[in-house]
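Structure assessment
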Amino acid sequence: MYDLTIIGGGVIGGSILRNLSRYDLKICLLEKEDDVCMGQSKANSGIVHAGFDAAVGSLKAKFNVLGNEMMPDFAKELGVKYVNNGSLVVAFSFEEMKTLEELRERGIKNGVKGLEILDREELVNKEPNISDEAVGALFAPTGGIVCPYELTIAAIGNAMDNGAVLITNFDVCKIDGEFGNFTVYSQDGQKVETKAVINCAGLGGQKIAELVGDDYIKLGGRKGEYILLDRESGDFVSHTLFFTPTAKGKGILVSQTVDKNIILGPTAEEVSDGDTSTSADGLNSVIEKANKMCKNVPLYNTITSFAGVRAYSDRHDFIIEESKNKKGVIHCVGIESPGLTSAPAIAKYVTENLVDKLFDLREKKDFNPIRKPDYFFKNLSDDEKNEIIKTSPEYGHIICRCEQITEGEIIRAVKENPPAKNIDAVKRRTRAGMGRCQGGFCQPQVAEIIAETLGIPLTEVTKSGKGSNLVLERTK
Amino acid sequence: MMNYDIVVIGGGPAGLAAAISAYDSGAKNILILEREDKLGGILNQCIHNGFGLTRFKESLSGPEYAYRFIEEVKNRDIDVFLNTTVISLSKDKKVTAINSENGVFTVKAKAIILAMGCRERSRGALNIAGSRPAGIYSAGTAQKYVNIKGYMPGKSVVILGSGDIGLIMARRMTLEGAKVHAVCEIMPYSSGLKRNIVQCLDDFGIPLYLNHTITKIEGKERVTAVEISEVDEKRKPIKGTEMRFECDTVLFSVGLIPENELTKNAGISLSNRTRGAIVSQNRETDVPGIFACGNVLHVHDLVDFVSEESELAGKSAADYVINGEKEHNSVNCINGKNISYVLPQKIDTDLEENVKVFFRVSGTFKNCTFKLSCGDKVIIERKKKIAVPGEMETLLITSDKLKEIDGDLTLSLEGA
Ligand SMILES: Cc1cc2nc3c(=O)[nH]c(=O)nc-3n(C[C@H](O)[C@H](O)[C@H](O)COP(=O)(O)OP(=O)(O)OC[C@H]3O[C@@H](n4cnc5c(N)ncnc54)[C@H](O)[C@@H]3O)c2cc1C
Ligand SMILES: Cc1cc2nc3c(=O)[nH]c(=O)nc-3n(C[C@H](O)[C@H](O)[C@H](O)COP(=O)(O)OP(=O)(O)OC[C@H]3O[C@@H](n4cnc5c(N)ncnc54)[C@H](O)[C@@H]3O)c2cc1C
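Residues numbered from 1 in each chain as written. Chains lettered and ligands numbered in written order. Predicted model: local features only at pLDDT ≥ 70, side-chain atom pairs only at ≥ 80, totals over all residues. Heavy atoms only, no water.

**As for the packing of helix H1 (residues 13-24) of chain B against helix H2 (residues 62-74) of chain B**
All names here are of chain B. Note the following rule: Axis lines are fitted through C-alpha atoms, for helices just across the contact stretch, and the angle between N-to-C directions can take any value from 0 to 180 degrees. In this description a helix means any DSSP run of H or I spanning at least four residues, a strand means any run of E spanning at least two, and both kinds are numbered starting from the N terminus. Here is the rule for handedness: rotate from the far helix to the near one, and if that takes an anticlockwise turn smaller than a right angle the crossing is left-handed, while a clockwise turn gives right-handed. By definition in these notes, contact holds between two residues if any of their heavy atoms fall within 4.5 Å. When residues are grouped by polarity, Ala, Val, Leu, Ile, Met, Phe, Trp, Tyr, Cys and Pro land in nonpolar, Asp, Glu, Lys and Arg in charged, and all others, Gly among them, in polar.
Contact geometry for H1 and H2: axes closest at 9 Å, N-to-C directions at 35°. Helix-helix and strand crossings are classified by hand; for H1 and H2 the assignment is left-handed. Taken together, the residues of H2 that come into contact with H1 (itself represented by Leu16, Ala17 and Ile20) are Ala66, Phe69, Ile70, Glu72 and Val73. Looking at the contact of H1 with H2 residue by residue, the class counts come to seven nonpolar, no polar and one charged.

Put into structure tokens, the structure is as follows:
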């Protein structure tokens, strides 16, 4: 019997799991996919928002500003890349400059520090490739970027290192019982017993709420499509560039990522399910808007395109509360942007204000907040690398040529918490296959290393879980 | 730090031929660094025949062709490090590499030959709409699964792009029992060799749809179907022309890109035409003592030309080591009308030898004329019955013609 069971292995579930692992509790995370971080948390912009955008007094505003402050330390403890690159909201007319004033006011009310209005010259100094049509910008020095999947995986990995349990391929379809004695069932007949449940199921959050009789939670999906450019163009911009929000919406952003790629997007399109296909219209609109924001966008360096689906609530704010009908159930849903930024603050609040009411929280003496990543191998000094290669020669064998990822790192990703069991899972942990050739050269080798490390035949290795097998059979 | 006269980066056909030729031209202290566990490069996965028709006057498989060069290397006192990846290269010719035995180490060379080959353009580079399930491969990745690993990536296939690797994989997958529904090509012509279209598609009844592209990929876990559409002159899909094929696999054969990360690393200038280094006729880059050859320089369709070019680079590197830096008295050689690129981009005019110019045309042309001119002066004119982008063309400038040159050269295709 677990004390708490979290449903959904995104950044919210992961951050809560990690925070709860500080305490003397038996905790478990259920995820329907073959790996964690398969929902919104893997396909978003990765921006640590400053917090001037959210309505004054909203949960979004509160957790955004707090989360923004917590993020540098949170990322550092977990060994995740975070860069405080600063954000710029760019105005293209004098009306838009007025909107920037409003944004600045709102930001100050939300508690955002250091907001500054820049004229064109100051803007061009910061971003030489900005469009000739840009007239000025709002500069938010506290804006940052983080790698969203690294963060989610690291939070869950650190929680597991501290005793939390992860069960993947567990698609929750039924919840029975009362506080102190729930049973959670999966689609394929597994079950987990737990005293309390936290619903962090992203787009699946409404369904989980309905399972405990909470039909007042209403969620919708809004798809966002992206284009990603090669690191070769990584210096094209250094800040995160937003359009000034208008009645028609927020437009797209142009930003560097922590791995020095350039990300363009997202679009916004209502969808009825979690389908993350890209569309020609969507990608064209990204291109069109990127070309409005900047001059000479290096689109010839495109390496991939993808999409994510935001799960928003009909309150247009986060829902972070106890169930109105069932004691022992906590909902953390409708967490659209700035949910990634807010994650550490939401985790703290849920623990100290909601879980605290249900359990007596006692800190563990041996909690270790530090997670040591080794996918920074290529950033070590030659001497440090040689030290490692001496005892583990697999680190001398480069598998992914574009990102220079070694066999040692891939084996470790397969073994380490949370274990990577497929090609995409290895990719999110190591970056093998994320470079300019997109796995063209290394995929067969990565597949072999997974097969060998897990002791399974190559035909059972998948791209992203059940049904996505890479090869079908042996040749004749 | 280790010291060598010449370090060759890459042990594919280019690196092998360059090392052999450098050795035979008098350089003796030579090292080849190769990332894979054997020499031969991409040829190891090209098990079909058709290699060496020009050079050996016989039809060899890729591994057979490579074997001849590997044996020649073995017969000479040339050092080879396998399983060794070069991770950086500096202008002062220090090569840093990594392997399991030596860890990270640096080699100082007097001359360097770049022979890293190329990589395939991926689906991602094309912004093709749809889902991102398993079953989408570059043709070369599929080739590796089938020919090297011995596994079938799929049974029901659509191929985008009519590059040679795609054409060869259409035949290979068919022979292995898969159904290849279609090859579609966005351009009005194929980028592959004529002989490959005949032998790999026509002989097996596989349809080639010119002026077509994939407009959508369907499937959640694994590919279930693709939609292809005809395109207009601007290469934009025409609504209403969609065709849908159920399939479990999509192969992309949409172009090769020279692998020039190390080249950039060393501050060598690249051509935005070839996406390889800018070189003189001796295959020297603009960093003296660093040479380049093979697919890292420009994408070749026939390995025979790779070998020829690499021998030239090897000889030049040996010359550099033995006789020191050469001064270049060069003019630029520029691609003019209907020509997509020219190589070498720089030609010395004070030579006593002939210079062979390689180039590609930018469309399909019949009864046309190649014209090499220097200002208003026409240096060479040659008629051509048919010219296509998929086949590399050559033009020979003899040493006496070189003497007529007193300014930059332009190569163009006229009468089209
Ligand atoms: C296009 C886009 C751009 C964004 N940009 C930013 C940004 O720049 N900055 C920012 O701060 N935020 C951004 N966000 C918001 C941020 O990504 C989300 O707020 C955050 O990822 C939400 O995390 P989550 O854990 O709630 O959801 P998810 O990551 O979706 O996790 C939910 C998990 O629950 C699992 N699950 C669902 N149903 C079940 C079930 N029945 N049983 C078991 N498991 C189940 C899913 O598989 C999934 O793994 C963006 C979002 C999108 C979509
Ligand atoms: C996937 C693919 C399939 C092909 N199939 C065919 C075909 O079927 N028929 C045909 O006629 N032509 C084919 N070609 C074209 C063929 O590649 C050329 O004719 C020829 O092999 C090019 O020789 P090369 O030596 O320049 O390059 P390669 O053969 O690619 O050799 C380059 C070598 O350099 C090594 N290398 C690269 N970077 C480093 C580094 N940093 N450190 C150490 N070593 C390094 C590589 O491992 C490789 O062994 C194919 C090309 C590709 C990419």
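Here the narrative resumes.
**Looking at the site of ligand 1**
All names here are of chain A. Operational definition: Near residues are defined by distance, with any heavy atom within 4 Å of the molecule or strand qualifying the residue. What qualifies as a polar contact is a pair of N or O atoms within 3.5 Å, subject to a donor-acceptor requirement within protein and to the restriction that residues adjacent in sequence count only when both atoms come from side chains.
Taken together, 41 residues are adjacent to ligand 1, and Glu31, Ser41, Ile47, Ile335 and Thr341 come closest. With respect to ligand 1, the side chain of Asn44 contributes an N or O atom lying 3.0 Å from an oxygen atom. Counting only elements with at least two residues in the shell around ligand 1, the list comes to helix H1 (11-20), helix H6 (205-211), strand E18 (302-313) and helix H8 (339-358). Per-class residue counts for the shell around ligand 1 are 18 nonpolar, 16 polar and seven charged.

**Regarding the state of the cysteines**
Spelled out, the test is: Two cysteine sulfurs form a disulfide in these notes if their separation is within 2.5 Å.
Going through the model one piece at a time under the given rule, you end up with zero disulfides over all chains. Unpaired in this structure, Cys28 of chain A has its nearest cysteine sulfur neighbour in Cys200 of chain A, at a distance of 12 Å.

**Overview of the domain arrangement of chain A**
Residues and elements named next belong to chain A. Going by this rule: For the domains described, the bounds stem from an automatic or database domain assignment. Buried area: the sum, over both parts, of the accessible surface (1.4 Å probe) that disappears when the two are put together. Salt bridge criterion: a side-chain nitrogen from Lys or Arg within 4 Å of a carboxyl oxygen from Asp or Glu.
Here the domain parsing of chain A yields domain 1 (83-142 + 220-313) and domain 2 (377-460). Placing a centre on the C-alpha atoms of domain 1 and another on those of domain 2 gives a separation of 33 Å. Together, the buried faces of domain 1 and domain 2 total about 550 Å²; carbon and sulfur atoms form 30% of this surface. Between the two partners, domain 1 and domain 2, sit three salt bridges. Between Asp230 and Arg436 there is a salt bridge, with the nearest N and O atoms lying 2.8 Å from each other. At the boundary of domain 1 and domain 2, one finds five residue pairs in polar contact (both at pLDDT 80 or more).

**A look at the pairing of strand E10 (residues 172-178) of chain A**
Residue and element names in this part refer to chain A. Rules: Only when DSSP finds a minimum of two bridges between them are two strands counted as paired.
Sheet analysis places E10 next to strand E11 (residues 181-186), joined by six bridges and oriented antiparallel. Each bridged residue has a counterpart across the sheet, and for Val172 the counterpart in E11 is Ser186. Linkage of E10 to E11, two consecutive antiparallel strands, is achieved through a turn of two residues, within which Gly180 is found at a positive phi near 95°.

**Quick look at the pattern of salt bridges**
Residues and elements named next belong to chain A. Defined as follows: Summary of the burial criterion: residues with accessible area below 20% of their type's maximum are buried, those above 50% are exposed, and those between are partly exposed, where the area comes from a 1.4 Å probe applied to protein chains only.
Per the stated rule, a full pass over the model turns up 58 salt bridges over all chains. The residue Arg222 makes a salt bridge to Glu336 at a minimum N-O spacing of 3.4 Å. Here Arg222, found in strand E13 (residues 219-229), pairs with Glu336, found in the loop between strand E20 (329-333) and H8; they are 114 residues apart in sequence, far enough to count as distant. Glu336 carries the same exposure label as Arg222, and that label is buried. Residues Glu403 and Arg431 are paired through a salt bridge, measuring 2.9 Å at the closest nitrogen-oxygen approach. On the criterion of sequence distance, the pair formed by Glu403 in the loop between strand E21 (398-400) and strand E22 (405-406) and Arg431 in the loop between helix H11 (423-430) and helix H12 (443-454) is long-range, its members being 28 residues apart. The exposure class of Glu403 is buried, given its relative accessible area of 3%. Its relative accessible area of 8% is what places Arg431 among the buried residues. In the salt-bridge network here, residues are joined through shared partners; they are Lys81, Glu150, Arg231, Asp259, Lys378, Glu403 and Arg431.

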